[in-house]
Protein chains: 2
Amino acid sequence: MVLTERKLIAGIRSLAAKPANRAVVKGIGDDCAILRLSQGNELLVTTDLCIENVHFRREWHPADSVGHRCLTRGLSDIAAMGGEPLACFLSLGLPAGRSGKGLLEQSLLEKELPQKWADEFLLGLHRLARKFRVQLAGGDISSARDITADIIVTGQVPAGKALLRSGAQPGDRIYVTGELGYSAAILKQLYAGKKIRAEKSNRHFYPMPRVQAGNWLREHGFCTAMIDISDGLSVDLAHICEESGVSATIQASAIPIAAGADLNLALHGGDDYELLFTAKKRAEVPSRIAGVKITQIGVIESRVTSQPQIRIAEDGKASRILKPLGWQHFGEKG
Amino acid sequence: MVLTERKLIAGIRSLAAKPANRAVVKGIGDDCAILRLSQGNELLVTTDLCIENVHFRREWHPADSVGHRCLTRGLSDIAAMGGEPLACFLSLGLPAGRSGKGLLEQSLLEKELPQKWADEFLLGLHRLARKFRVQLAGGDISSARDITADIIVTGQVPAGKALLRSGAQPGDRIYVTGELGYSAAILKQLYAGKKIRAEKSNRHFYPMPRVQAGNWLREHGFCTAMIDISDGLSVDLAHICEESGVSATIQASAIPIAAGADLNLALHGGDDYELLFTAKKRAEVPSRIAGVKITQIGVIESRVTSQPQIRIAEDGKASRILKPLGWQHFGEKG
């Protein structure tokens, strides 16, 4: 069945019609959505672009996995501030429609999308949104040559309490949630031509953002800085170090490497959506938070005024400099 | 000069570094932006997707016009609620970068973008943002085959005071700001192969959102419903009628047709970014608001439970039904 604007809008409106979050005063159907924050809270906003053949491939990722993964990226950013997600917005460009009022020539549309793909994409997004009480509250649609989804997630956090990247201090311990490298290991297999069934429990296809753990960490006050590991541990730890103006050392043997991954994938693979955080030396950090394993992987070193250095210590070897080799938006280091 | 991620991010950060709005507590550089609304205000959010060859053409529109037009779409939505814009977010996909960590095959990049295009796009967006004290506070970047910009604009409005599409009542008068059809008339000439210089005063290339007029209308309390005319008068008036559950009649002779346009372009052309509003019959609506001409063009008729009817009366003829023939997102009516 061919994709039409009428059917797409009807599908989006039916998902958005069910109230999921009281913060949404007015959802889809006006020039803007209207949201009301709780007293004493600040607004969090994050946007993440997902483009076919850049962030996913139609032949590798089922449509509902694409919808799920898009929203996970935004929710994971809210989690990394210790925030509570409220509403999401979807700007969706799809290969659809005949040449008309839009400026897209019909000849450019190589592969028109079936309605089923759009329906399943929305379903994947919607299932995850429900789980976290996030309301789909607006967006935009358009023709496009490649499937293009920009997901905006809004959230709230008590004023002044968001966990920033810039708070790490010398002596702080570095921790991660969960295990690292799993998503990159699956991607490596997909590149190698292996067929992989997208089981619902597979964290590459259906990654779960660590919203509860992020909130727990904010509420308990010992966390000094936090980021989500979406671009890879080496890149995201470098962000913490840059914003905090500190250096760091991590222990290779301490890194929780996921089954099927190796140290390299755990260090530089992206898309894990775990949290990386720092805490005071004497903080009593539990071994599990909100059901997720917590592992200490290193230490924040001295304050620096120039480019921070991250070192990795491997058993029986001299420590070496760890370069940030994770995800680059334009793939320049590939 | 070839576009690189480092140069693009440096350009975005330098524009975003200058504080433009006190609501932005934390801008670019963390997992989320943090905004603080004024006491007693609600949040407004709108997103607008701009895709090459759908919303603009590289050979017709200078890069700074594309940046300006993207942001105008969002600001115009804030204006249509009577809101005050605060911060914008930009998700930007550009034809750039070599095959690497991203999944985009190098062979798919037909036309790599020069750095100059990105710089001028950002400049066009930034100039307009400054004018309205809107801070660029976050976003995302990616490789893409076609230039893709999703603009998110956030704003605030005193709680419960936003002007919705749903408030029009039988007997209300229908008004528009400015003149209609100009942008569509220019587009028609571009389609016909005419070269048009993008003068800064040209409302097709550099349309000005009616933010001050929108705020004035909200503050003065006589306005019952409002929408911006982005998809064309016929489509946008239909949205007001649908959301309010009313029918309407407009007078052809009353419509303020822009120089170079005709009735058809004024009725169905999009991209004018004027405001359409309704006001109580006895309201004293000034002939200019915030420097912009105000014209009464029709009347809200009876309440309806089914599909609302919009009629247009032309001098000396029986009135006829006006079909919504403006912009369709997938161009299905073309």
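Residues numbered from 1 in each chain as written. Chains lettered and ligands numbered in written order. Predicted model: local features only at pLDDT ≥ 70, side-chain atom pairs only at ≥ 80, totals over all residues. Heavy atoms only, no water.

A word on the overall build of chain A. Helix and strand counts for chain A stand at seven helices and 14 strands. Since a compact globule built from 334 residues should have a radius of gyration of about 20 Å, the 21 Å found for chain A is in line with a globular shape. Buried positions account for 63% of the 334 residues belonging to chain A. Within chain A, counting contacts between residues at least 6 apart in sequence, those at least 24 apart form 84% of the total. For chain A, the computed accessible surface area is about 12900 Å², with 49% contributed by carbon and sulfur atoms. A distance of 4 Å separates the average location of the 42 positive side-chain charges in chain A from that of its 36 negative side-chain charges. (Helix = DSSP H or I, 4+ residues; strand = E, 2+ residues; numbered from the N terminus. Rg over C-alpha atoms; globule rule 2.2 N^0.38 Å. Buried < 20%, exposed > 50% of the residue type's maximum accessible area, 1.4 Å probe, protein only. Contact = heavy atoms within 4.5 Å. Areas by Shrake-Rupley, 256 points an atom, 1.4 Å probe, with all protein chains shown as cover. Lys, Arg positive; Asp, Glu negative; His and termini not counted. Charge placed at Lys NZ, Arg CZ, Asp CG, Glu CD.)

To continue, consider the environment of A:Gly193. Considering the arrangement of structural elements, one finds A:Gly193 in the loop between helix H4 (182–191) and helix H5 (211–220). Residue classification places A:Gly193 among the exposed residues on the basis of a relative accessible area of 53%.

Another point: the packing of aromatic side chains. Tallying each qualifying case throughout the model produces 10 aromatic pairs over all chains. Across from the ring centre of A:Trp60, 4.4 Å away, lies the NZ or CZ of A:Arg57, which sits over that ring. (Phe/Tyr/Trp six-rings, centres within 6.5 Å; stacked < 30°, edge-to-face > 60°. Lys NZ or Arg CZ within 6 Å of the ring centre and 35° of its normal.)

Turning to the sheet that holds strand E4 (residues 84–94) of chain A, a few remarks are in order. Pairing within the open sheet is mixed, and its six strands lie in the order E5(A)-E4(A)-E6(A)-E3(A)-E2(B)-E1(B). Looking along the sheet, the strands with just one partner apiece sit at the ends: strand E5 (135–143) of chain A together with strand E1 (24–26) of chain B. When strand polarity is set aside, the average angle formed by the axes of neighbouring strands in this sheet is 25°. Bridge count for E4(A) against strand E6 (residues 148–158) of chain A is nine bridges, and the pairing is antiparallel. Bridged to A:Ser91 within E6(A) is A:Asp150. On the sheet, helix H1 (residues 5–17) of chain A packs against E4 and E5 of chain A and is oriented at approximately 170° with respect to E5(A). Its contacts with the sheet put helix H3 (residues 115–131) of chain A on E4 and E6 of chain A, and the angle it makes with E4(A) is roughly 165°. (Pairing = 2+ DSSP bridges. Axes fitted to C-alpha atoms, helices over the stretch in contact; angles between N-to-C directions.)

Applying the stated criterion across every chain, the model contains 37 salt bridges over all chains. The salt bridge involving A:Asp31 is made with B:Arg165; its shortest N-O contact spans 3.3 Å. Taken together, the positions of A:Asp31 in the loop between strand E1 (24–26) and strand E2 (33–35) and B:Arg165 in the loop between strand E6 (148–158) and strand E7 (173–177) put the pair across two chains. We note that A:Asp31, like B:Arg165, is buried. As a salt-bridge pair, A:Glu314 and A:Arg320 come within 3.0 Å of each other at their nearest N and O atoms. Connected through salt bridges with shared partners, the residues A:Asp30, A:Asp31 and B:Arg165 form a single ionic network. (Salt bridge = Lys/Arg side-chain N within 4 Å of Asp/Glu carboxyl O.)

Ordered by their spatial adjacency, six strands build an open sheet running E1(A)-E2(A)-E3(B)-E6(B)-E4(B)-E5(B), and the pairing between neighbours is mixed. Unpaired on one side and paired on the other, E1 of chain A together with strand E5 (135–143) of chain B mark the two borders of the sheet. The sheet shows a mean angle of 25° between the axes of neighbouring strands, direction not considered. Across the sheet, helix H3 (residues 115–131) of chain B is in contact with strand E4 (84–94) and E6 of chain B; its angle to E4(B) comes to roughly 165°.

Turning to the pairing of strand E10 (residues 274–279) of chain A, a few remarks are in order. Residue and element names in this part refer to chain A. In terms of residue burial, E10 counts as a mostly covered element, since six of its six residues are buried. Going residue by residue along E10, you find Glu 274, Leu 276 and Thr 278 tucked away on one face and Leu 275, Phe 277 and Ala 279 tucked away on the opposite face as well. Direction of pairing for strand E7 (residues 173–177) relative to E10: antiparallel, over a ladder of four bridges. Bridge assignment links Arg 173 to a residue of E10, and that residue is Ala 279. Sheet analysis places strand E8 (residues 223–229) next to E10, joined by six bridges and oriented antiparallel. By the bridge assignment for E10, Asp 228 is matched with Leu 275.

Next up on the list: the side chain of A:Thr47. Examined against the element boundaries, A:Thr47 turns out to sit in strand E3 (residues 41–51). Classification of A:Thr47 by relative accessible area gives buried; the value is 4%. Here the side chain of A:Thr47 touches B:Ser91 through a polar contact of 2.6 Å, side chain to side chain. Beyond its immediate sequence surroundings of up to four residues, A:Thr47 is in contact with A:Asp150, A:Ile151, A:Ile152, B:Phe89, B:Ser91, B:Gly139, B:Asp140 and B:Ile152. (Polar contact = N/O pair within 3.5 Å; in protein donor to acceptor, adjacent residues only side chain to side chain.)

Let us look at the confidence of the model for chain A. All names here are of chain A. Looking at chain A as a whole, the pLDDT averages 92, with 93% of positions reaching at least 70. In this model, residues 99–103 is a region of pLDDT below 50 whose contacts with residues beyond four sequence positions or in other chains number 24 contacts. Predicted complex, confidence summary: ipTM 0.94, pTM 0.95. (pLDDT = per-residue confidence, 0-100.)

Residue and element names in this part refer to chain A. For the pair helix H2 (residues 63–79) and H3, the least separation of the axes is 6 Å and the interaxial angle reads 40°. Classified by the interaxial angle, the pair formed by H2 and H3 is oblique. Where H2 crosses over H3, the two elements pack in a sense that is right-handed. Contacts between H2 and H3 involve Ala 63, Asp 64, Val 66, Gly 67, His 68, Cys 70, Leu 71, Thr 72 and Leu 75 from the former and Trp 117, Glu 120, Phe 121, Gly 124, Leu 125, Arg 127, Leu 128 and Ala 129 from the latter. (Parallel < 35°, antiparallel > 145°, perpendicular 65-115°, else oblique. Left-handed = near helix turned anticlockwise from the far one by under 90°.)

Before going further, it helps to examine the side chain of A:Ser247. Residue and element names in this part refer to chain A. Following the sequence through the fold, Ser 247 ends up in strand E9 (residues 246–251). There is a polar contact of 3.0 Å between the side chain of Ser 247 and the backbone nitrogen of Gln 309. Ignoring sequence-local partners within four residues, the contact set of Ser 247 consists of Cys 241, Ile 300, Glu 301, Ser 302, Val 304, Pro 308 and Gln 309.

Here the focus is the packing of H1(A) against H3(A). All names here are of chain A. One way to put it is that H1 packs onto H3 with a least axis distance of 10 Å and a crossing angle of 15°. Compared by their axis directions, H1 and H3 come out roughly parallel. When the axes of H1 and H3 are compared, the crossing they make is right-handed. Residue-level contacts link Lys 7, Leu 8, Gly 11, Ile 12 and Leu 15 of H1 to Gln 115, Ala 118, Leu 122 and His 126 of H3. Partitioning the contact of H1 with H3 into residue classes produces five nonpolar, three polar and one charged. (Nonpolar A, V, L, I, M, F, W, Y, C, P; charged D, E, K, R; others polar.)

The next subject is the state of the cysteines. Note on terminology: disulfide describes a covalent bond linking the sulfur atoms of two cysteines. All names here are of chain A. Tallied over the entire structure, the rule returns zero disulfides over all chains. Here Cys 223 is not cross-linked by a disulfide; its sulfur's nearest cysteine counterpart is in Cys 241, at 14 Å. With a relative accessible area of 8%, Cys 223 lands in the buried category. Judged by its relative accessible area of 0%, Cys 241 is buried. (Disulfide = S-S within 2.5 Å.)

What follows is about the environment of B:Ala16. All names here are of chain B. Along the chain, Ala 16 falls in helix H1 (residues 5–17). Ala 16 sits in the buried class, given a relative accessible area of 11%. Taking C-alpha positions, Ala 16 is 6.4 Å from Ala 137, a pair spaced 121 residues apart along the chain. Beyond its immediate sequence surroundings of up to four residues, Ala 16 is in contact with Ile 28, Gln 135 and Leu 136.

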